[in-house]
Amino acid sequence: MFNKNLKYYRLKKQMTKKELASLIGVTPMAITYYENGKRKPDMNTIQALAKALDIRVSDFLRYRNENLHFEHGKFRNM
């Protein structure tokens, strides 16, 4: 759930992994691992992600349809 929401909000803000990573002080690969569910960020990182994305920490816990696929360009067209 967290990983899908992280990607959703990042793409909604039209941010690249590199941009988000530089805002919170991690590598773009760390963002990739978080979005793929291969790693879990600690609470400080989660709070930094929420602040960078201008959302509440609880927004990462919202249920999303697991069949949704997010692509960077799709949010730009909206």
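Thresholds, definitions, all that
- Residues numbered from 1 in each chain as written.
- Predicted model: local features only at pLDDT ≥ 70, side-chain atom pairs only at ≥ 80, totals over all residues.
- Heavy atoms only, no water.
- Helix = DSSP H or I, 4+ residues; strand = E, 2+ residues; numbered from the N terminus.
- Buried < 20%, exposed > 50% of the residue type's maximum accessible area, 1.4 Å probe, protein only.
- Arc of directions from axis to C-beta.
- Contact = heavy atoms within 4.5 Å.
- Axes fitted to C-alpha atoms, helices over the stretch in contact; angles between N-to-C directions.
- Parallel < 35°, antiparallel > 145°, perpendicular 65-115°, else oblique.
- Left-handed = near helix turned anticlockwise from the far one by under 90°.
- Salt bridge = Lys/Arg side-chain N within 4 Å of Asp/Glu carboxyl O.
- Phe/Tyr/Trp six-rings, centres within 6.5 Å; stacked < 30°, edge-to-face > 60°.

## Section: the environment of Lys51
Move 1: Mapped onto the elements, Lys51 comes out in helix H4 (residues 43–53).
Move 2: Separated by 27 residues in sequence, Lys51 and Ile24 have C-alpha atoms that sit 9.0 Å apart.

## A short note on H4
Move 1: Listed as buried for H4 are Thr45, Ile46, Leu49, Ala50 and Leu53. Seen from one end, H4 has its buried residues packed into an arc of 140 degrees, which puts them on one side. For H4, exposure combined with an orientation more than 90 degrees from the buried face picks out Asn44 and Lys51.
Move 2: Contact partners of the buried residues in H4: helix H1 (2–12), helix H2 (17–24) and helix H3 (28–36).

## With respect to the packing of H2 against H4
Move 1: Following both chains from N to C, one finds H2 and H4 inclined at 120 degrees, their axes separated by 9 Å at the closest point. Comparing the axis directions of H2 and H4 gives the class oblique. By crossing handedness, the relation of H2 to H4 is classed as right-handed. For the pair H2 and H4, contact is made by Leu20, Leu23 and Ile24 and by Thr45, Ala48, Leu49, Ala52 and Leu53, respectively.

## Re the pattern of salt bridges
Move 1: In total, this model carries three salt bridges according to the counting rule given.
Move 2: Between Arg56 and Asp59 there is a salt bridge, with the nearest N and O atoms lying 3.0 Å from each other.

## Some thoughts on the packing of aromatic side chains
Move 1: By the definition in use, this model includes two aromatic pairs.
Move 2: Relative to Phe60, the ring of Phe2 has its centre 4.8 Å away and its plane inclined at 55 degrees; by these criteria the two rings are tilted. Of this pair, Phe2 sits in helix H1 while Phe60 sits in the loop between H4 and helix H5 (72–77), and the two are 58 residues apart along the sequence. Pair check on accessibility: Phe2 and Phe60 agree, each one buried.

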